[in-house]
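Here's the letter readout for the chains.
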Amino acid sequence: MSQTAIPEFFVYGEPARALDVGFLHVETVQARASVHRGQVLAHKHPQMAQITFWTGGSGTYRIEDKTWSFSAPTVSFMPSGVVHGFDIEPGTDAIVVSVADAALAVLAEQSALPLDQPVFVTGRGEGALWERLGNTVRMIQAEYADRLPGVERILPPLIAVALSGIARLDAQSHAIAVPAAVALGGRLRRLIDRHFREDWPVERYVEELGTTRHLLDKAARQVLGAGVRQAIGDRRLVEAKRLLLFTIRTVEDIAYETGFNDPAYFSRFFRAAVGLSPAAWRKERMQRQ
């Protein structure tokens with residue numbers, strides 16, 4: 001199947017779009033039944049990963065070139081850029097937790113599950129672990145739906161607990177190999193997450209990953225939706241937005257924290273990307289809350 005022919009979605013049936021800082025989304029598979037009618041065709045999500053916890057029913061699941069039959073309980077973790085789809089029997093349902101890559105990067109150190117490779121685990125292992133995972137995912141669903149005060153602080157650690165719950169189901173033995181370009185894009189994402197503050201040149205990423213500039217740029221565009229240089233800038237921008245929104249640190253301090261040696265240049269970079277200065281963006285966002 002040609003990668004270029006595979007559609008990219010925000011959530012299934014909706015065109016891909018830029019994701020806000022800290023983006024999270026939770027819904028059921030049946031909530032989009034009128035769109036997919038039990039058949040979700042092969043697709044991928046740029047810059048967004050998904051946990052899918054099947055709560056009832058059965059079907060067939062596809063990840064890249066592999067296919068499984070499944071029945072609930074089943075869970076998958078799908079990093080961004082990985083092709084997947086499924087066919088389900090009537091009445092089959094799941095809770096789908098979607099997380100922007102930038103938000104996921106913040107959770108990586110709290111998760112026992114590696115976040116660069118797809119995982120698919122179906123109804124096996126310790127029943128108590130499945131029950132605990134199900135309870136966690138349902139708590140995420142309830143918190144998202146109720147939108148009580150403090151939800152933006154409660155959901156991320158709950159998602160980290162759910163990811164670790166998947167790991168406890170012996171998920172590593174069910175990790176799925178992906179095409180070389182997708183794997184390289186995932187490794188690049190992890191490297192950017194660790195080093196974007198250090199202002200590495202693109203050539204340093206090429207060297208660290210043992211590849212060529214052409215192959216790395218191609219993998220970045222396929223998995224991250226942008227070339228390497230832009231992907232680094234996008235990651236710095238997301239971190240800057242996160243610090244502006246969730247801390248009281250000064251713009252100058254945030255500039256240094258995100259790898260800019262010159263706060264004035266940081267402000268120009270931010271304005272070019274967002275259309276507002278960092279201070280104006282922070283004020284505008286705070287007024288929305």
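Residues numbered from 1 in each chain as written. Predicted model: local features only at pLDDT ≥ 70, side-chain atom pairs only at ≥ 80, totals over all residues. Heavy atoms only, no water.

Trainee: Now, about the overall build of the protein: what can you tell me, with residues and values included?
Mentor: Summing up its helical and strand segments, the protein has eleven helices and nine strands in all. Relative to the 2.2 N^0.38 estimate, which gives 19 Å for 289 residues, the radius of gyration of the protein is 19 Å and therefore close to what a compact globule would have. Taking the principal axes of its C-alpha atoms as reference, the protein extends roughly 55 × 45 × 35 Å. For the protein, the residues scored as buried account for 49% of the 289 residues in total. For the protein, long-range pairs separated by at least 24 residues make up 72% of all intrachain contacts whose partners lie at least 6 apart in sequence. (Helix = DSSP H or I, 4+ residues; strand = E, 2+ residues; numbered from the N terminus. Rg over C-alpha atoms; globule rule 2.2 N^0.38 Å. Buried < 20%, exposed > 50% of the residue type's maximum accessible area, 1.4 Å probe, protein only. Contact = heavy atoms within 4.5 Å.)

Trainee: Now, about helix 5 (residues 180–195): what can you tell me, with residues and values included?
Mentor: The end-to-end C-alpha distance of helix 5, which contains 16 residues, comes to 22 Å, matching closely the 22 Å that a straight helix rising 1.5 Å per residue would cover. By the burial criterion, the buried members of helix 5 are Val182, Leu184, Gly185, Gly186, Leu188, Arg189, Leu191, Ile192 and His195. The secondary structure elements touched by the buried residues of helix 5 are helix 2 (101–107), helix 6 (202–209), helix 7 (213–223) and helix 8 (228–246). (Expected span 1.5 Å × (residues − 1).)

Trainee: Quick rundown of the pattern of salt bridges? Include the residues and the values.
Mentor: Summed over the entire model, instances satisfying the criterion amount to 16 salt bridges. Among the ionic pairs, Arg190 bridges to Asp116, the shortest N-O distance being 2.5 Å. Taken together, the positions of Arg190 in helix 5 and Asp116 in the loop between helix 2 and strand 9 (119–122) put the pair 74 residues apart, joining distant regions of the chain. By relative accessible area, which is 31% here, Arg190 ends up partly exposed. Using a relative accessible area of 26% as the deciding quantity, one classes Asp116 as partly exposed. Of the charged contacts in the structure, one is a salt bridge between Asp199 and Arg236, with a shortest N-O distance of 3.5 Å. Of the two residues, Asp199 sits in the loop between helix 5 and helix 6 while Arg236 sits in helix 8, which places them 37 residues apart along the sequence. What makes Asp199 partly exposed here is its relative accessible area of 45%. Salt bridges here are not isolated pairs; linked through shared partners, they connect Asp193, Arg197, Arg235, Glu239, Arg242, Arg249, Asp253 and Glu257. (Salt bridge = Lys/Arg side-chain N within 4 Å of Asp/Glu carboxyl O.)

Trainee: Got a sec to walk through the sheet that holds strand 2 (residues 39–43)? Specific residues and values, please.
Mentor: Within the open sheet, the four strands sit side by side as 2-7-4-5. Their pairing is antiparallel. The sheet is open, and its two borders are formed by strand 2 and strand 5 (66–71), each paired with just one other strand. Strand-to-strand twist of the sheet, defined as the mean angle between neighbouring strand axes without regard to direction, takes the value 20°. Relative to strand 7 (residues 84–88), strand 2 runs antiparallel, the two being bridged by three bridges. In the strand pairing of strand 7, Gln39 is matched with Asp87. (Pairing = 2+ DSSP bridges. Axes fitted to C-alpha atoms, helices over the stretch in contact; angles between N-to-C directions.)

Trainee: Tell me about the sheet that holds strand 1 (residues 24–28), and name the residues and values.
Mentor: Pairing within the open sheet is antiparallel, and its five strands lie in the order 1-8-3-6-9. The open sheet has two free edges, formed respectively by strand 1 and strand 9, since each of these has just one partner strand. Strand-to-strand, the axes of this sheet are offset by a mean angle of 10°, without reference to chain direction. With five bridges connecting them, strand 3 (residues 48–56) and strand 6 (residues 74–78) associate as antiparallel partners.

Trainee: Explain the nonpolar core residue by residue, including any values.
Mentor: If you look at the biggest cluster of nonpolar residues, it comprises 33 residues, and the most contacted ones within it are Trp54, Tyr61, Leu188, Ile192, Tyr205 and Leu216. Broken down by secondary-structure element, the contributors of at least two residues to this core are strand 4 (58–63), strand 7, strand 8 (93–100), helix 5, helix 6, helix 7 and helix 8. Broken down by element, the residue count for this core peaks at five residues, all from helix 5. If sequence neighbours within four positions are ignored, Ile192 has contacts with Tyr205, Leu224, Ala231, Ile232 and Arg235. Core analysis: the second largest hydrophobic core is formed by 30 residues, Val75, Ile140, Leu158 and Leu169 among them. (Core = buried A, V, L, I, M, F, W, Y, C linked by side-chain atoms within 4.5 Å.)

Trainee: Tell me about the packing of aromatic side chains, and please be specific about residues and values.
Mentor: The full count for this structure, using the stated rule, is 15 aromatic pairs. Taking the centre distance of 6.3 Å and the plane angle of 45° together, the rings of Phe53 and Trp130 count as tilted. A residue pair is termed long-range when its members are at least 10 positions apart, and Phe53 in strand 3 and Trp130 in helix 3 (residues 127–146) qualify at 77 residues. Summarising the burial analysis for this pair, Phe53 and Trp130 share the class buried. Ring geometry for Tyr61 and Phe86: centres 5.7 Å apart, planes at 25°, overall stacked. (Phe/Tyr/Trp six-rings, centres within 6.5 Å; stacked < 30°, edge-to-face > 60°.)

Trainee: With reference to specific residues and values, describe the side chain of His84.
Mentor: Within the secondary structure layout, His84 lies in strand 7. A polar side-chain atom of His84 sits 3.0 Å from the main-chain carbonyl oxygen of Val82. Beyond its immediate stretch of four places on either side in the chain, His84 contacts Leu41, Ala42, His43, Lys44, His45, Gln50, Tyr61, Arg62, Ile63 and Met78. (Polar contact = N/O pair within 3.5 Å; in protein donor to acceptor, adjacent residues only side chain to side chain.)

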